[in-house]
Amino acid sequence: MIKLERIVKNGTYSRRLVGRVKLGSFALPCCFLLIHRVHSFTTVHQASLQIQMMPAGSQTFVKEIYSRVSNLPTHRQLTAYALGAERPMMEIEDRVLYTLPPLKDRNLTKLELEFRNMLGEFAHYSQHNIDSLRDPRMRTVFEGIAASAGCAPVYRSFEVLYEDLYPLRVAGRWLYARLQQLMIDSQREREEEVNMIVQNTALSKADVEATRLAFVSVAARLNGDAFLTVDQLRESGLTNTATSVLGYDSVDDLLERLCKDDSNKVTFVDMMVGLQETAESVCGLDRCNPAEVMREIMLELKKHPPTIRTRLDSKRQQYSDHYDAMLAAFGEWESLMPEGDGRRLNVVRGCFVGAKTPPVVEALRIVYVDYAALRVAGDLIFRLVKSVMSAAASRQRRQTK
């Protein structure tokens, strides 16, 4: 079905071309016809295309439509979207982010092998796994580890430190166990939530996975955890959706249905189940797909600034400031970096490379500020580097005399 509608918004008259097709043998020609109409009608200001997805084969179809849409003139915009299919707002990335450096026929010591096996665990985690973490600070730590992939000097530096510094080894084992358990818990929670929603709604698992990823990513950035507040939802596109699509008199009527208690917080499960119940009873799943509604809200909330307190308490701020001072020292010492090889120089060289890699810097800042044992180990490493660079500075002064 393709039709031309007249619409009046804010006193301005315009024409909108609307198409709605089901994915079948005639779907692609119908969609191309809609695109052709947008080119043909010089007075068409807006066009939209809804693709009601049918089983299998949808991805190639949708990609073809988007490729045709992208070639439209800039003064005529066509918005195509698929009900029940993934939208381009966020794609799930399952690629592995961390890879171990090659051994190059090295015979590893017992501790070097232990260190390699620990880091090898991170080779199992994808971007999707990391983005699903509720705690944004822990997400930063995982991203820092991923960013060090392929950076041989950083790996070698920590390998030497793990073998030579007992305090770092103890702290490293503790951090590894904590991060591993955190990821296990996160994946179990994700699987439970997704399965529960799939069982209680008509949505596909792929839809629920993509929608949950969008929700957790936005909520964690805004609030530091996987929930949205009633006020945030009220300020999002949910207000328009509640009245114009879902048929509520006001957004508060919908929010009352979504918020299950007096906490003023709405979880992903609350949101999806509530939207599903509303769709079934009010407007029908063909008009208001819960996953589609959720993604529209997440797109709007991505523009909002975080509401969580980013300010550290006085003690942790002191640790963060000290960390910044150590980083500044690396910048001052860079021209003094001595040539050569050896375990101490391997450590120093890796520290300098890591200090120029922002995700690594931020990950190490978090573990330095938050964990006392790792802070002690960090101070030991800094003193080691400082002694090497002081010796290098002395040699340089003698050579210039």
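As the structure is a computational prediction, the values presented were derived from the model and not from experiment.

A. Seen up close, the overall build of the protein chain. For the protein chain, the helix and strand inventory stands at 17 helices and 6 strands. Expressed as a percentage of its 401 residues, the buried residues of the protein chain come to 46%. In the protein chain, 72% of the contacts between residues at least 6 apart in sequence involve partners at least 24 apart. Accessible surface, the protein chain: about 20900 Å² in total, of which carbon and sulfur atoms supply 53%.

B. How the structure looks around the confidence of the model for the protein chain. Across the protein chain, the average pLDDT comes to 75, with 71% of residues at or above 70. Every residue in residues 1-90 scores below 50 in pLDDT, and together they form 156 contacts with partners more than four places removed in sequence or on other chains.

C. Quick look at helix H3 (residues 110-120). When H3 is considered as a whole, its buried residues turn out to be Glu112, Phe115, Arg116, Met118, Leu119 and Gly120. Summarising the contacts, the buried residues of H3 are in contact with helix H5 (136-147), helix H6 (152-164) and helix H7 (166-200).

D. Up close: the packing of aromatic side chains. One pass over the structure, following the stated rule, counts 12 aromatic pairs. Each ring, one from Phe115 and one from Tyr162, has its centre 5.4 Å from the other, and the planes form 40°; the classification is tilted. Here the residue Phe115 occupies a position in helix H3, and Tyr162 occupies one in helix H6, the gap between them amounting to 47 residues. Judged by centre distance (6.3 Å) and plane angle (75°), the rings of Phe330 and Phe382 are edge-to-face. Of this pair, Phe330 sits in helix H14 (residues 314-333) while Phe382 sits in helix H17 (residues 372-400), placing them 52 residues apart in sequence. Comparing Phe330 with Phe382, the two get one shared label, buried. Every member of this aromatic cluster is reached through a ring pair, and the members are Phe330, Trp333, Phe352 and Phe382. The aromatic ring of Phe227 is capped on one face by Lys265, whose charged end is 4.5 Å from the ring centroid. One Lys or Arg, Arg375, reaches over the ring of Tyr319 and ends 3.6 Å from the middle of that ring.

E. Examining the environment of Met389 more closely. Along the chain, Met389 turns up in helix H17. Classification of Met389 as buried rests on a relative accessible area of 1%. Sequence-wise, Met389 and Glu334 are 55 residues apart; in three dimensions their C-alpha atoms are separated by 9.1 Å. Not counting the four nearest positions on each side in its chain, Met389 is found in contact with Trp333, Leu336, Met337, Pro338, Val348 and Phe352.

F. Here's a closer look at the side chain of Ser186. The topology assignment puts Ser186 in helix H7. The buried category is assigned to Ser186, whose relative accessible area is 7%. Apart from residues lying up to four places away in sequence, Ser186 is in contact with Ser132 and Leu133.

G. Inspection of the side chain of Ser132 at higher detail. Relative to the assigned elements, Ser132 resides in the loop between helix H4 (127-131) and H5. Setting aside its immediate chain neighbours within four residues, Ser132 contacts Ser186, Arg190, Arg212, Leu213 and Val216.

H. Structural view of the packing of H7 against H17. Put simply, H7 and H17 touch, their axes get as near as 9 Å, and they point 140° apart. Considering their axes alone, H7 and H17 lie oblique with respect to each other. Relative to H17, H7 is oriented so that their crossing is left-handed. Every residue of H17 that contacts H7 at Pro167, Leu168, Ala171, Gly172 and Leu175 is listed here: Ala373, Leu374, Ala377, Leu380 and Ile381.

I. Local environment of the pattern of salt bridges. According to the stated counting rule, one finds 21 salt bridges in the structure shown. Shared partners join several salt bridges into a network, and the residues in it are Arg134, Glu189, Glu193, Arg212 and Asp225.

J. Highlighting the environment of Tyr162. The class for Tyr162 is buried, based on a relative accessible area of 3%. With sequence-adjacent residues up to four places away left out, Tyr162 is seen in contact with Leu111, Glu114, Phe115, Met118, Leu168, Arg169 and Arg173.

K. Layout of the nonpolar core. Formed by 32 residues in total, the largest nonpolar core has its most connected members in Leu233 and Met298. Of all the secondary structure elements, the ones that give two or more residues to this core are H7, helix H8 (205-223), helix H9 (230-234), helix H10 (238-244), helix H11 (251-258), helix H12 (268-283) and helix H13 (290-301). Discounting chain neighbours no more than four positions away, the residues touching Leu233 are Leu228, Leu238, Leu255, Val266, Met271, Ile297 and Leu301.

L. View of H8. An ideal rise of 1.5 Å per residue puts 27 Å on 19 residues; H8 measures up with 26 Å between its terminal C-alpha atoms. With 16 of 19 residues buried, H8 lies mostly within the body of the structure. Looking at the residues trailing H8, positive phi occurs at Gly224, about 80°.

M. Looking closely at the packing of H6 against helix H15 (residues 343-354). It is the contact of H6 with H15, at a shortest axis distance of 7 Å, that shows an interaxial angle of 130°. Between H6 and H15, the angle is such that the two are oblique. Both H6 and H15 take part in a crossing whose hand is left-handed. Of the residues in H15, those in contact with Pro153, Val154, Arg156, Ser157, Val160, Leu161, Glu163 and Asp164 of H6 are Arg343, Asn346, Val347, Gly350, Cys351, Val353 and Gly354. Of the residues contributing to the contact of H6 with H15, the split by class is 7 nonpolar, 4 polar and 4 charged.

N. The arrangement of the environment of Glu256 in detail. Following the sequence through the fold, Glu256 ends up in helix H11. With a relative accessible area of 64%, Glu256 lands in the exposed category. Along the chain, Glu256 and Val230 lie 26 residues apart, while their C-alpha atoms are 9.1 Å from each other.

Reading the values: rules and limits
Residues numbered from 1 in each chain as written. Predicted model: local features only at pLDDT ≥ 70, side-chain atom pairs only at ≥ 80, totals over all residues. Heavy atoms only, no water. Helix = DSSP H or I, 4+ residues; strand = E, 2+ residues; numbered from the N terminus. Buried < 20%, exposed > 50% of the residue type's maximum accessible area, 1.4 Å probe, protein only. Contact = heavy atoms within 4.5 Å. Areas by Shrake-Rupley, 256 points an atom, 1.4 Å probe, with all protein chains shown as cover. pLDDT = per-residue confidence, 0-100. Phe/Tyr/Trp six-rings, centres within 6.5 Å; stacked < 30°, edge-to-face > 60°. Lys NZ or Arg CZ within 6 Å of the ring centre and 35° of its normal. Axes fitted to C-alpha atoms, helices over the stretch in contact; angles between N-to-C directions. Parallel < 35°, antiparallel > 145°, perpendicular 65-115°, else oblique. Left-handed = near helix turned anticlockwise from the far one by under 90°. Salt bridge = Lys/Arg side-chain N within 4 Å of Asp/Glu carboxyl O. Core = buried A, V, L, I, M, F, W, Y, C linked by side-chain atoms within 4.5 Å. Expected span 1.5 Å × (residues − 1). Nonpolar A, V, L, I, M, F, W, Y, C, P; charged D, E, K, R; others polar.

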